[in-house]
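# Summary of the model geometry
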Amino acid sequence: MSLNESSKRDENTDSDERFMALALEEARKAAAIGEVPIGAVVVSEGRVVAQAYNRREIDHDPAGHAEHTAILKAARRLGRWRLSDCTVYVTLEPCPMCAGLMHQARIKRCVFAAYDPKAGALGSLYDLHDDERLNHRFEIGTGVLQEESSRLLKDFFKDLRGREKKPVVCEDIHPVSREEVAKRPAWMKAPALAEGTLTSDVVYEGRIFNVEELTVQLPDGKTGRRDVVRHQGAAAVLAINENDEILLVNQWRSALGRVECEIPAGKIDPGEDPRDCAIRELAEETGVVAGRFEYLTTFDTSAGFSDEALHLYVARDLEQGPANRDEDEFFEIQWIDFEKALDSCLNGQIQDAKTIIALSVWGHKRCRG
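Residues numbered from 1 in each chain as written. Predicted model: local features only at pLDDT ≥ 70, side-chain atom pairs only at ≥ 80, totals over all residues. Heavy atoms only, no water.

### Here's the deal with the overall build of the chain
- Along its length, the chain carries 10 helices and 15 strands.
- Relative to its full complement of 369 residues, the chain shows a buried share of 41%.
- By sequence separation, contacts in the chain at least 24 residues apart represent 58% of the contacts at least 6 residues apart.
- Roughly 21,300 Å² of accessible area belongs to the chain as shown, and the carbon and sulfur atoms make up 49% of that amount. (Helix = DSSP H or I, 4+ residues; strand = E, 2+ residues; numbered from the N terminus. Buried < 20%, exposed > 50% of the residue type's maximum accessible area, 1.4 Å probe, protein only. Contact = heavy atoms within 4.5 Å. Areas by Shrake-Rupley, 256 points an atom, 1.4 Å probe, with all protein chains shown as cover.)

The following block contains the structure:
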């Protein structure tokens, strides 16, 4: 063997171990939620494009094998069903279903850690990767981190056989100090409602937000799934001039397919103070600069699926300056009497949540003096 061939072989071995270690991390996630600890990653050109772990029990899905799910994710993310440049790393030898999917996806290579003498289809019971009767064959690699994978499986089944089912105590999931509990309002002191996060997977990374898929432990000890939008947060401004008029902007909202009438707002940059964000957005969108900024309130925009918090401010002593909008921002600015703006909320002409909340809270605050 030449020196170059030896060096390349060592490099491949290092890469295989590195990616198999990631697959083992996925397998541990499965064990944490009571699934058979098998994990998989799909790699294309040295980059992980998908990862998954067993979810058959929690999803009631007979096809919920780690490598099966990872291959489907990879195809969606790459935008093609042919994965001829991809290697699948999985902690246990694939079964006939998953090996068949690898054949259908035209994968280049499969590397697995431990053999499965009861169901393995890449050497144990069948050789689906190297069957001359099929129109695609692929390479396999075996034994990578085999000991670690085998130990994880053995420990899981040993624990499963000796495990006694015990009720879950929610305080053990989210331990908090007595001081923290004492500061909570009475209606928030409900530990029996707490859910503990067991696993978290980022399924989408976007310019504005990310989406995570959570596996949670419910108060009764069972598990559930939550899709959560992770958002940096935003700030909005209720700008009021000396004539008691409100500054509103008309802006096309693609999600709704229509123009929305709303107060100026924008996303908080990482590390940015919400107040600074409000000042910046007001100036950039409308050119208006305020002499006074007053905090109004903060609310959760969509607590059922998003962690976005929106901070509201009131701006007074206004001066008009030049706007500095982004290239993809187009607005129409209008000033509306405060009472007329409130009426527009009541009759449905204004449907934007932050605008309705800002007008309502400010109106209530003014009535109380």
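### Section: the environment of alanine 40
- For alanine 40, the position within the fold is in strand E1 (residues 39–44).
- Look at alanine 40 and you get buried, because its relative accessible area is 0%.
- Separated by 49 residues in the primary sequence, alanine 40 and tyrosine 89 have C-alpha atoms spaced 5.4 Å apart.
- If near-sequence neighbours (up to four positions away) are discounted, alanine 40 is found in contact with Ala23, Glu26, Ala50, Gln51, Ala52, Ala66, Glu67, Ala70, Tyr89 and Val90.

### Quick look at the side chain of serine 149
- Relative to the elements of secondary structure, serine 149 occurs in helix H5 (residues 146–162).
- Residue class for serine 149 comes out buried when judged on its relative accessible area of 1%.
- Here serine 149 is in contact with Leu24, Thr91, Ala113 and Ala114, once residues within four sequence places are set aside.

### Brief notes about the packing of aromatic side chains
- Overall, the coordinates contain six aromatic pairs when judged by the stated rule.
- Plain terms: the ring middles of phenylalanine 112 and tyrosine 115 are 5.0 Å apart, the flat faces sit at 85 degrees to each other, and that makes the pair edge-to-face.
- For tyrosine 115, a relative accessible area of 40% puts it in the partly exposed group.
- Ring geometry for tyrosine 295 versus tyrosine 313: centroids 5.7 Å apart, planes at 70 degrees, classification edge-to-face. Within this pair, whereas tyrosine 295 is found in strand E13 (residues 288–300), its partner tyrosine 313 is found in strand E14 (residues 309–320), the two being separated by 18 residues in sequence.
- The exposure class of tyrosine 295 is partly exposed, given its relative accessible area of 44%.
- Through pairs of rings, three or more aromatic residues link up here, namely Phe293, Tyr295 and Tyr313. (Phe/Tyr/Trp six-rings, centres within 6.5 Å; stacked < 30°, edge-to-face > 60°.)

### As for the pattern of salt bridges
- Applying the stated criterion to the full structure yields 25 salt bridges.
- Here aspartate 85 ties to arginine 80 by a salt bridge, and the two come within 3.1 Å at their closest N and O atoms.
- With a relative accessible area of 33%, arginine 80 lands in the partly exposed category.
- Between aspartate 352 and lysine 354 there is a salt bridge, and its shortest N-O distance comes to 3.1 Å. Taken individually, aspartate 352 and lysine 354 each receive the classification buried, so the pair is uniform in this respect.
- Connected via shared salt-bridge partners are Asp269, Glu272, Arg280, Glu281 and Glu284. (Salt bridge = Lys/Arg side-chain N within 4 Å of Asp/Glu carboxyl O.)

### A short note on the nonpolar core
- Among the nonpolar cores identified, the biggest contains 27 residues, and Val42, Ile71, Leu83, Met102, Ile107 and Cys110 are the most heavily contacted of them.
- Taken together, the elements giving at least two residues each to this core come down to E1, strand E2 (47–53), helix H3 (66–78), strand E3 (86–92), helix H4 (96–105) and strand E4 (109–114).
- The residues touching leucine 83, leaving out its near neighbours within four places in the chain, are Ile71, Ala74, Ala75, Leu78, Ala105, Arg106, Ile107 and Lys108.
- Counting 22 residues, the second largest nonpolar core, distinct from the first, contains Leu238, Ile246, Ala341 and Trp362. (Core = buried A, V, L, I, M, F, W, Y, C linked by side-chain atoms within 4.5 Å.)

### Considerations on unusual backbone geometry
- One non-glycine residue, leucine 145, lies in the positive phi region at around 55 degrees.
- Within the fold, leucine 145 resides in the loop between strand E5 (139–142) and H5.
- Unlike most non-glycine residues, aspartate 317 shows phi in positive territory, near 50 degrees.
- Counting through the fold element by element, aspartate 317 comes out in strand E14.

### Description of the sheet that holds E3
- The strand order across the open sheet formed by five strands is E2-E1-E3-E4-E5, and the pairing between neighbours is mixed. The outermost strands of the open sheet, each flanked by one partner alone, are E2 and E5. Each adjacent strand pair in this sheet contributes to an overall mean axis angle of 15 degrees, direction not counted.
- The pairing of E1 with E3 spans five bridges and is antiparallel. Within E3, the position partnered with valine 41 by the bridge is tyrosine 89.
- Here H3 sits on the sheet in contact with E1, E2 and E3, set at roughly 140 degrees to E2. (Pairing = 2+ DSSP bridges. Axes fitted to C-alpha atoms, helices over the stretch in contact; angles between N-to-C directions.)

### Considering the packing of H3 against H4
- Taken N-terminus to C-terminus, the directions of H3 and H4 make an angle of 20 degrees; their axes are 9 Å apart at the nearest point. One way to sum up the angle between H3 and H4 is to call them roughly parallel. With respect to the hand of their crossing, H3 and H4 are arranged in left-handed fashion. Residues Glu67, His68, Ile71 and Leu72 of H3 form the contact with H4, whose own contacting residues are Met97, Cys98, Leu101, Met102 and Ala105.
- In terms of residue class, the contact of H3 with H4 is made up of seven nonpolar, one polar and one charged. (Parallel < 35°, antiparallel > 145°, perpendicular 65-115°, else oblique. Left-handed = near helix turned anticlockwise from the far one by under 90°. Nonpolar A, V, L, I, M, F, W, Y, C, P; charged D, E, K, R; others polar.)

Note that all results are geometric; they support no functional claim without further evidence.
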